[in-house]
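Here's the letter readout for the chains.
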Amino acid sequence: MNTEAANTDIAQLSYEQAREELVAVVAQLEAGAATLEQSLALWERGEALAARCEAWLQGATARLDAARGPEEQ
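Residues numbered from 1 in each chain as written. Predicted model: local features only at pLDDT ≥ 70, side-chain atom pairs only at ≥ 80, totals over all residues. Heavy atoms only, no water.

*Asks:* Break down the pattern of salt bridges for me, citing the residues and quoting the values.
*Replies:* It is possible for side chains bearing opposite charge to pair when their charged atoms get close. Counting across every chain of the model gives three salt bridges. Here Glu21 and Arg45 are joined by a salt bridge, their closest N and O atoms 2.4 Å apart. Of this pair, Glu21 sits in helix α2 (residues 15-31) while Arg45 is found in helix α3 (residues 36-68), placing the two residues 24 residues apart along the sequence. We classify Glu21 as partly exposed; its relative accessible area is 26%. We classify Arg45 as buried; its relative accessible area is 14%. (Salt bridge = Lys/Arg side-chain N within 4 Å of Asp/Glu carboxyl O. Helix = DSSP H or I, 4+ residues; strand = E, 2+ residues; numbered from the N terminus. Buried < 20%, exposed > 50% of the residue type's maximum accessible area, 1.4 Å probe, protein only.)

Structure, rendered in structure tokens:
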């Protein structure tokens, strides 16, 4: 399966949903029970989830900066 296609749903996740799933992915990787192929897929999904969380945080920071105005930045 194409990893990018498997991770397209991530763009629709809220910050909380992405963070929660990222925690679950990390736990699965740390458990070490997955095959190499499964581990690679989990790693790639984790990277995509982390990027989604980062995008949410950057967006929140931009909104806060805009609300504070230029004199407070």
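*Asks:* Which residues make up the nonpolar core, and what are the values?
*Replies:* Of all hydrophobic cores here, the largest spans eight residues; its members are Ile10, Leu13, Ala18, Leu22, Val25, Leu42, Leu49 and Cys53. Among the elements of the structure, α2 and α3 are those that each provide at least two residues to this core. (Core = buried A, V, L, I, M, F, W, Y, C linked by side-chain atoms within 4.5 Å.)

*Asks:* Tell me about the packing of α2 against α3, and please be specific about residues and values.
*Replies:* Direction vectors running N to C along α2 and α3 enclose 150°, while the axes themselves pass 9 Å from each other. In terms of orientation, α2 lies roughly antiparallel with respect to α3. Both α2 and α3 take part in a crossing whose hand is left-handed. Across from Tyr15, Ala18, Arg19, Glu21, Leu22, Val25, Gln28 and Leu29 in α2, the residues of α3 making contact are Ser39, Leu42, Trp43, Arg45, Gly46, Leu49, Ala50, Arg52, Cys53, Trp56 and Leu57. The residue inventory of the contact of α2 with α3, partitioned by class, reads 12 nonpolar, three polar and four charged. (Axes fitted to C-alpha atoms, helices over the stretch in contact; angles between N-to-C directions. Parallel < 35°, antiparallel > 145°, perpendicular 65-115°, else oblique. Left-handed = near helix turned anticlockwise from the far one by under 90°. Contact = heavy atoms within 4.5 Å. Nonpolar A, V, L, I, M, F, W, Y, C, P; charged D, E, K, R; others polar.)

*Asks:* Can you explain the confidence of the model for the protein chain? Please cite residues and give values.
*Replies:* Taken as a whole, the protein chain shows an average pLDDT of 91; of its residues, 90% reach a score of 70 or greater. Ranking the helices and strands of the protein chain by mean pLDDT puts α2 first, with 97, and helix α1 (residues 3-6) last, with 66. (pLDDT = per-residue confidence, 0-100.)

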